[in-house]
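Architecture at a glance
Here is what each chain is made of, one letter per residue.
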Amino acid sequence: MPGKRRRALHLCEMGSFPCARPPPAGDGGGGAGYSRVVYCNDPGCPEATQLDYPGNAISTTRYTVANFIPKSLFEQFRRVANVFFLIVGIVSFSPLAPYRAVSVLLPLIVVVGATMIKEAFEDWRRKKQDIEVNNRKVQVYDGTRAFYQTEWKKLRVGDIVKVEKDEFFPADLLFLSSSFDDGICYVETMNLDGETNLKRKQCLEVTTTLHNECSFHKFKALIRCEDPNEKLYSFIGTMQYQGAQYPLAPQQILLRDSKLRNTQHIYGVVIFTGHDTKVMQNAMDPPSKRSNIERRMDKIVYVLFSGLVLIASTGSIFFGIKTKGEISDRNYRWYIRPDKSSIYFDPSRVALAAFFHFLTSLMLYGCLIPISLYISIEIVKVLQSTFINQDREMYCEETDKPACARTSNLNEELGQVNTILSDKTGTLTCNSMEFVKCSIGGVGYGSGLSEAEEAVRRGSQYESSELKDPPISSEGYNCAAVTRKSVKGFNFKDDRLMNRQWIKEPQSDVIQKFFRILAICHTAIPLVNNSSGDISYEAESPDEAAFVTAARELGFQFYERTQTSISLHEFDPNIGRKVDRTYKLLNILEFSSTRKRMSVIVKTEEDQLLLFCKGADSVIFERLAKNGQEFEAKTKCHINYYSEAGLRTLAIAYRKLSVEEYKKWHEEFLLAKSSVNADRDAIVDETAEKIERDLILVGATAVEDRLQKGVPECINKLAQAGIKIWILTGDKLETAINIGYACQVLRKCMKQIVITLDTPDIDALKKGENNAIEKALHESVAKQIRDAHSQVSVLKGSSGLFALIIDGNSLAFALSRSLENLFLDLAVDCAFVICCRTSPKQKALVTRLVKRSTRKTTLAIGDGANDVGMLQEADIGVGISGVEGMQAVMSSDFAIAQFRFLERLLLVHGHWCYRRIAAMICYFFYKNITFGFILFWFEAHAFFSGQPAYNDWYISFYNVAFTSLPVIALGVFDKDVPSRICLKFPSLHQDGVHNIFFSWPRILGWMLNGVCSSVIIYYFTTSAILQQPFNKDGHGAGTDILGAAMYTCVVWTVNCQLALCLGYFTWIHHVFIWGSIFFWYIFLIIYGSFPPTISTTAYRVFLEACAPSPLYWLSTLFVVISALLPYFLYSTFQRTFFPKYYNIIQSVRLENH
């Protein structure tokens, strides 16, 4: 396409953008949201300067140098545990502290500092990217017939820029001209919406002559347009130039971060800069999602806080009672000297002394709160995400795309998914359309069975859609097996049309119109292979590419497009050979989800004006002229048959226009396009309605979107796992039902409940008044839901399964406040739910309803922009990186290449991650309770004196050094069963759905285990150490030896406890568990070698006292075994007499080995 300039074309316009005769100049509307004014090629004028638009520099960082420390600290201390330890650290500088302040603050500094360093590193990477982007070069017009290079960040609104081939657009630009004479260019929008297919842009014809530096010298124009917004696919504005006003539309806008392709260069004027550009307006963080486990973990932390306050209060009460008794001579302890007491121990001010003791106790038992839990979980989840990303079983060779965990916050949620809400097209199917059948002039063409038909023949038969011969004319039909080259998008077999045999058909003129419409009514771009001469097509949708390909294969080859024309190699039956025909493009009325159709208005070489239209059958049929309904009945019959076969259908029609009618409509259309206000799109659609009427029906198309590989097997496995599956699709009800059979969502044994408003009785109701119609429709849906609910309730106990199918019109009423709960109750009782004809908004509303009402984990999966709302609304959003671009992926939490990988993502990684995180958190609380309660028993033994049982540095290093790595290994590497067992027994997934591993009984059980371990360790150690001589010389053990001995037992017990609950050992587990224990002894030797002023009670305690004593080693062995015995006995008893499902599977696996 790039190359020398072509002869300028001065025709009307390509698409819906005027360039022949502009409407009179004026303000074009305006108002709130439409106040932006751009002075083209004069950004330095006083009027432009007063507008004070932002510069073009961008910043995507969360922090600046000035606010990093305060803002990051604020983020860290939003966590309750960090606030608690900060307060404890501050109070530790007072005489109330039971140990030195530095030992309290060190763990907090390590945890907060590590997180801040991580955030600083991530933000610095973003900063470097910003610097690189802001310093990119672009050519800017200097106002004196020359362009010069400058940085992107220096651009101003109104500047004229020149962008070369394969360069990114530096800002949002109004497209003025290009290296092509007719003012077109090709743009890749990968960075905006992820789509790789090229978009065709076109400038106004009035600016196509601005093709070199000299031509811009006198160029001055005024643009009035919409204010900055996030809408990528819309733009409303006008340009006043040379005394006339020209409407602007998205086709003239080149968005920042999209790339120029297949065009040597373009010129444009800057409209939006920096953070005003549409790509930056869309740059927002996705909604914050937290897992159920994380939310419950917060509650557990509050429980521990309550426990901390309780035991601190208990100790303070006993301390107060004992202190008050010191006044009496009988209770007097001579060494405390109450006659010279301080404020912290004053029998005359007991309440104050008890309060100070309470503060001391809060600091003393602070280790009950696991300060390192949050950062440990973050590390574990990041490593879990790495394993998901590196899983070769979820790598797609066809697209070269691995699985991608875009967030690590929700790993464990994958193992708790109860409901999947899935899109169909591109998610369950390939979104690679193939033209397979068509109806032309009331005659059906095309043979072969679709996947849905094959599924019906295999036995999954929809009772009202009995497999039967299609109601098509097959006279003279012969489909001999002919070997021919496979063509992407074309799987049509019918000898009546192939190889130009269509000219022998009775209605060859209708067939000619049909394929001519397919070859012209589109926005595709032809791409010519220079070496072979073959033509392929870049289209905005797979359907459109299939239509153009089908027309080419049947003799109507689209080969060239300009701004104002489209050219075909067309077979002419009159002369028996191909001829070149060029059709002048006057307007393109583009497809939208509201219009459900697209039209083109063309002028033939014979000066005949024609409107070609394709769209949904419901939309086309209601716009037919009386003389255009000749084939309506037969075409409807064919469309119904195609829908039941799981095919996607469109109706094809046309009409002839008179010159007078077109001119009158065109003036009105230009005025509609020139308005600059919020209602412009509605006004334009209303104007288009006036020309898209009195159509003549030609026929209908049927394309097949084949299922992705492994979809039926995956859905079957997910169903065995007890996961409910909802399919939300825009297809017709019949199509959705048969696709349901093809992917095994529906089965013959199921009882189907269909709720629809597409019945003759409802059609009769629609002829009344609007209010009465709405009320009647609402009552009809309510009655259908109530009847279905009664039916399900009666048969609920039977072995039969139910499937609910509801169409979009009925769904709109079902989601109303009065019916939503009743509808959800019905849907929950059904094994599968299919929602047909759903809009993107309805998808999001259904997802919200399911999530909010069931209060169980929901997962939404989709591949297109219309699925973004659904993905963000669900607890987990999974994007399919398919052919519809990457919008869904960019809004998702996890991305996979094909639906079948969802099986492994949920049943393997989900199960593992859920079990690991749950076990890790339970173990974390266990080890901290074990450690903290020993301090409580010691203080009770010492009359609540506020003295710690351990050296202060022992306490500081407990969570940081001696127990941190084993728990991370547990969270990353442990597995109860291997992946093949997870897939073989999908019911294991129900452990997560029912939250078996993180239920309150299990959490409280681990806490009780911690309390029991603390009791055994404390009392057994004190009995063994204090009741007899410790050394050979007969001396007893002091608090230094007792503290070291108890701490040794704690380190051994909690690490061995982790080893007992592991289901899978690796060398990493061995290194971390036994290495942590070994490191305790190394620490004790090194720390004990410091002077007594530093090491205090740890001074040479191991080398001189503990290590030489056999009692130390024997007591450690005895106490550790005793502390582990309760868990071992309970676990053995539970597995033997009350085994869980996973216990049974583990036992079977061991027996098989």
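Criteria and thresholds
- Counting restarts for each chain, with residues numbered from 1 along the sequence as it is written.
- For a predicted model such as this one, the threshold for reporting local features is a pLDDT of at least 70, and the threshold for listing and counting side-chain atom pairs is 80 or more; totals across whole chains, interfaces and linings nevertheless cover every residue.
- Excluding hydrogens and water, the side-chain figures rest on all heavy atoms present in the structure.
- Counting from the N terminus, the helices are DSSP H or I runs at least four residues long and the strands are E runs at least two residues long.
- The buried label goes to any residue with under 20% of its type's maximum accessible area, the exposed label to any with over 50%, and the partly exposed label to all in between, with areas taken from a 1.4 Å probe on protein chains only.
- Throughout, a contact is declared for two residues whenever any of their heavy atoms are within 4.5 Å.
- DSSP calls a pair of strands paired once it identifies at least 2 bridges connecting them.
- Any Lys or Arg side-chain nitrogen found within 4 Å of a carboxyl oxygen on Asp or Glu counts as a salt bridge.
- Residues enter patches when their relative accessible area tops 30% and they take part in no salt bridge; the joining distance is 9 Å for like charges and 5 Å for the nonpolar side chains Val, Leu, Ile, Met, Phe, Trp and Tyr.
- Per-residue and other accessible areas were derived by the Shrake-Rupley procedure at a 1.4 Å probe size, with only the shown protein chains allowed to occlude residues.
- Counting of polar contacts relies on pairs of N or O atoms within 3.5 Å, with two restrictions inside protein: one atom must be capable of donating a hydrogen and the other of accepting it, and residues adjacent in sequence are counted only when both atoms are side-chain atoms.
- Only the stretch in contact is used when a helix axis is fitted, and all axes are lines through C-alpha atoms; the angle between N-to-C directions ranges over 0 to 180 degrees.
- Small angles under 35 degrees read as roughly parallel and large ones over 145 as roughly antiparallel, with 65 to 115 read as roughly perpendicular and the rest as oblique.
- Each crossing gets its handedness from the near helix: less than a right angle anticlockwise from the far helix is left-handed, clockwise is right-handed.
- Gly is put with the polar residues, along with every residue not named as nonpolar or charged; the nonpolar set is Ala, Val, Leu, Ile, Met, Phe, Trp, Tyr, Cys and Pro, and the charged set is Asp, Glu, Lys and Arg.
- Two rings from Phe, Tyr or Trp (for Trp, the six-membered ring) form a pair when their centres sit within 6.5 Å of each other. Planes less than 30 degrees apart are called stacked, planes more than 60 degrees apart edge-to-face, and all others tilted.
- The term nonpolar core refers to a set of buried residues drawn from Ala, Val, Leu, Ile, Met, Phe, Trp, Tyr and Cys, joined through side-chain atoms within 4.5 Å.
- Delimitation of the domains relies on an automatic or database domain assignment.

Time to look at the overall build of the chain. Of regular secondary structure, the chain possesses 37 helices and 33 strands. A buried classification covers 56% of the 1153 residues belonging to the chain. Partitioning the contacts of the chain with sequence separation of at least 6, the portion at a separation of at least 24 is 74%.

Taken together, the six strands give an open sheet; going across it, the order is β3-β2-β4-β13-β5-β11, and neighbouring strands pair in antiparallel fashion. On the outer flanks of this sheet lie β3 (147-151) and β11 (253-254), each paired with one strand and no other. In this structure, strand β5 (residues 172-178) lies alongside β11, joined through two bridges in antiparallel fashion. Across the sheet, the residue bridging to L174 is I253, located in β11.

Considering all chains together, one arrives at 41 salt bridges under this definition. E544 is the partner of K614 in a salt bridge, and the nearest nitrogen-oxygen pair spans 3.7 Å. Residue K614 is found in strand β24 (residues 609-615), and its partner E544 is found in helix α12 (residues 542-553); the two are separated by 70 residues along the sequence. Under the relative-accessibility criterion, E544 is labelled buried at 7%. Connected via shared salt-bridge partners are R516, E570, D572, R581, E605 and E606.

This next bit is on unusual backbone geometry. The phi torsion at Q242 lies on the positive side, around 55°, for a residue other than glycine. Within the secondary structure layout, Q242 lies in the loop between β9 (237-241) and β10 (244-248). Positive phi outside glycine occurs at R855, with the angle close to 55°. Tracing the backbone shows R855 in the loop between α23 (840-854) and β31 (857-862).

With six of seven residues buried, strand β16 (residues 434-440) lies mostly within the body of the structure. In terms of strand pairing, β16 meets strand β26 (residues 696-704) through six bridges, oriented antiparallel. The residue of β26 that forms the bridge with E434 is E704. The sheet contact formed by β16 and strand β17 (residues 443-445) spans three bridges and is antiparallel. Across the sheet, I440 pairs through a bridge with V443, a residue of β17. Remark: two residues form the turn of the hairpin made by β16 and β17, two consecutive strands paired antiparallel; G441 in that turn has positive phi of roughly 60°.

What follows covers a nonpolar patch on the surface. Where nonpolar side chains cluster on the molecular surface, the patch consists of I1085, I1086, F1090, I1094 and L1103 and spans about 410 Å² of accessible area. Along the chain, the position of I1085 falls in helix α33 (residues 1067-1088). Residue class for I1085 comes out partly exposed when judged on its relative accessible area of 31%.

In this fold, T61 is placed in the loop between α1 (46-51) and α2 (68-76). Only 3.2 Å separates the side chain of T61 from the side chain of S59, close enough to count as a polar contact. Of note is the side chain of T61, whose polar atom sits 3.1 Å from the backbone oxygen of Y63. The contact partners of T61, leaving out residues within four places of it in the chain, are D123, R126, K127 and D130.

We now examine the packing of helix α26 (residues 901-941) against helix α27 (residues 952-962). Where α26 meets α27, the axes come as close as 12 Å, and the angle between the chain directions of the two elements is 170°. Here α27 runs roughly antiparallel to α26, going by the angle between their axes. For the pair α26 and α27, the contacting residues are F924, K927, N928 and F931 in the first and I955, Y958 and N959 in the second.

Now for the sheet that holds strand β12 (residues 259-261). Pairing between the strands of a sheet is mediated by backbone hydrogen bonds and can be parallel or antiparallel. Sheet architecture is open: three strands sit in the order β7-β6-β12, paired in antiparallel fashion. Each edge of the sheet is formed by a strand with only one pairing partner; in this case those strands are β7 (199-202) and β12. Across the sheet, the mean angle separating the axes of adjacent strands is 45° when strand polarity is ignored.

A few words now on helix α18 (residues 733-742). Across the 10 residues that make up α18, a large majority, nine, are buried. By the burial criterion, the buried members of α18 are L733, T735, A736, I737, N738, I739, G740, Y741 and A742.

Contact geometry of helix α3 (residues 80-91) with helix α4 (residues 101-134) gives a least axis separation of 9 Å together with a crossing angle of 145°. The chirality of how α3 crosses α4 is left-handed. The segment α3 lies against α4, with N82, F85, L86, V88 and G89 engaging V104, L105, L108 and V112. Of the residues belonging to the contact of α3 with α4, the class tally is seven nonpolar, two polar and no charged.

This next bit is on the environment of L801. Inspection of the secondary structure assignment puts L801 in the loop between α20 (770-795) and β29 (802-806). Counting along the chain gives 52 residues from L801 to C749, while the straight-line C-alpha distance between them is 7.4 Å. Setting aside its immediate chain neighbours within four residues, L801 contacts C749, M750, K751 and A831.

On to the pairing of strand β30 (residues 832-835), then. Neither face of β30 is exposed, since F832 and I834 on one face and V833 and C835 on the opposite face are all buried. Looking at chain direction, strand β27 (residues 724-728) and β30 are connected through four bridges and run parallel. Along β30, the bridge assignment pairs I725 with F832. Here four bridges tie β29 to β30, and the two strands are oriented parallel to one another. By the bridge assignment for β30, I805 is matched with I834.

What the rule picks out here adds up to 60 aromatic pairs. Seen in terms of ring centroids, Y926 and W1006 are 5.6 Å apart; in terms of plane orientation they differ by 70°. Their pairing is edge-to-face. Linking Y926 in helix α26 with W1006 in helix α31 (residues 1000-1026), this pair joins segments that are 80 residues apart in sequence. Assigned by exposure class, Y926 and W1006 land together as buried. Geometrically, the ring pair formed by F1020 and F1118 is stacked, given 5.6 Å between the ring centres and 10° between the ring planes. On the criterion of sequence distance, the pair formed by F1020 in helix α31 and F1118 in helix α36 (residues 1110-1137) is long-range, its members being 98 residues apart.

Once that is clear, we can look at the side chain of Q557. Inspection of the secondary structure assignment puts Q557 in strand β20 (residues 556-561). Judged by relative accessible area, which is 16%, Q557 ranks as buried. Once you skip the residues sitting within four places of it in the chain, Q557 turns out to touch I535, Y537, A551, R552, S567, L568, H569 and K578.

The next thing to look at is the nonpolar core. Generally speaking, nonpolar side chains in soluble globular proteins are found buried as a group. The biggest cluster of nonpolar side chains holds 120 residues, and the ones touching the most others in it are Y365, I921, Y950, Y954, F998, Y1047 and W1080. Examining the composition of this core, we find that 20 residues originate from one element, α26, more than from any other. Both domain 1 (67-132 + 290-368) and domain 5 (908-1152) contribute no fewer than three residues apiece to this core. Apart from residues no more than four positions distant in its own chain, W1080 is found in contact with Y954, F962, A1044, Y1047, T1048, V1051 and Y1112.

This brings us to helix α28 (residues 964-973). Across the 10 residues that make up α28, a large majority, eight, are buried. Turning to α28, its buried residues number three or more, namely S964, P966, V967, I968, A969, L970, G971 and V972. For α28, the secondary structure elements touched by its buried residues are α9 (373-389), α26, α27, α32 (1039-1061) and α33.

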